[in-house]
Amino acid sequence: METNTVKLLRECNAGIKMGMNALNLVLGHVKDSQLKAALEEARDTHAILGDETHKMLIRARESTKDAHPMAEAMSDMKIKATLAMNDSKS
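Residues numbered from 1 in each chain as written. Predicted model: local features only at pLDDT ≥ 70, side-chain atom pairs only at ≥ 80, totals over all residues. Heavy atoms only, no water.

## Details of unusual backbone geometry
The condition is simple: Put simply, DSSP H or I for four residues or longer makes a helix, DSSP E for two residues or longer makes a strand, and each gets a number counted from the N terminus.
Of note in this structure, Arg61 is not a glycine but carries a positive phi near 55°. Mapped onto the elements, Arg61 comes out in the loop between α2 (33–59) and α3 (69–89).

If you want it as structure tokens, here you go:
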């Protein structure tokens, strides 16, 4: 497998992990059943894509990577702050 393909798969896999984390954070606060179903479907799709990218990396004998810790922290902080502001308005 080409080097650029491996790099792209690693980045995709890391982004998928971040997306799943964000969806899981938000799902606990969703009250609307239609929105919750859509977010759960998105999470399931992310899981499938994550598994596929992981399998492709394994077949290429390459490792996965996680998103940069600062990017993860900033994403979590923004999501939690937004959720806290919206919860306080209820």
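## What about helix α1 (residues 3–27)?
Here is the rule we go by: What a helix is expected to span follows from its residue count: subtract one and scale by 1.5 Å. Burial classes: relative accessible area under 20% of the type maximum marks a residue as buried, over 50% as exposed, and values in between as partly exposed (1.4 Å probe, protein chains only).
Between its first and last C-alpha atoms α1 spans 36 Å; for 25 residues at 1.5 Å apiece the expected length is 36 Å, and the two agree. Here α1 has its buried residues at Val6, Leu9, Asn13, Ala14, Ile16, Gly19, Ala22, Leu23 and Leu27.

## Let's talk about the pattern of salt bridges
We count it as follows: One side-chain nitrogen of Lys or Arg within 4 Å of one carboxyl oxygen of Asp or Glu is enough to make a salt bridge.
One pass over the full model with this rule turns up three salt bridges. Salt-bridge contacts for Lys65 lead to Glu11; the nearest nitrogen and oxygen are separated by 2.5 Å. With a gap of 54 residues between them, Lys65 in the loop between α2 and α3 and Glu11 in helix α1 connect regions that are remote in the sequence. Given the relative accessible area of 32%, Lys65 is considered partly exposed. For Lys17, the salt bridge is made with Asp66, and the minimal N-O distance between the two is 3.0 Å. Note that Lys17 is positioned in helix α1 and Asp66 in the loop between α2 and α3, a separation of 49 residues in sequence. Take Lys17: its relative accessible area is 34%, and that puts it in the partly exposed class.

From the geometry alone we can't say anything about function, so treat these as descriptive.
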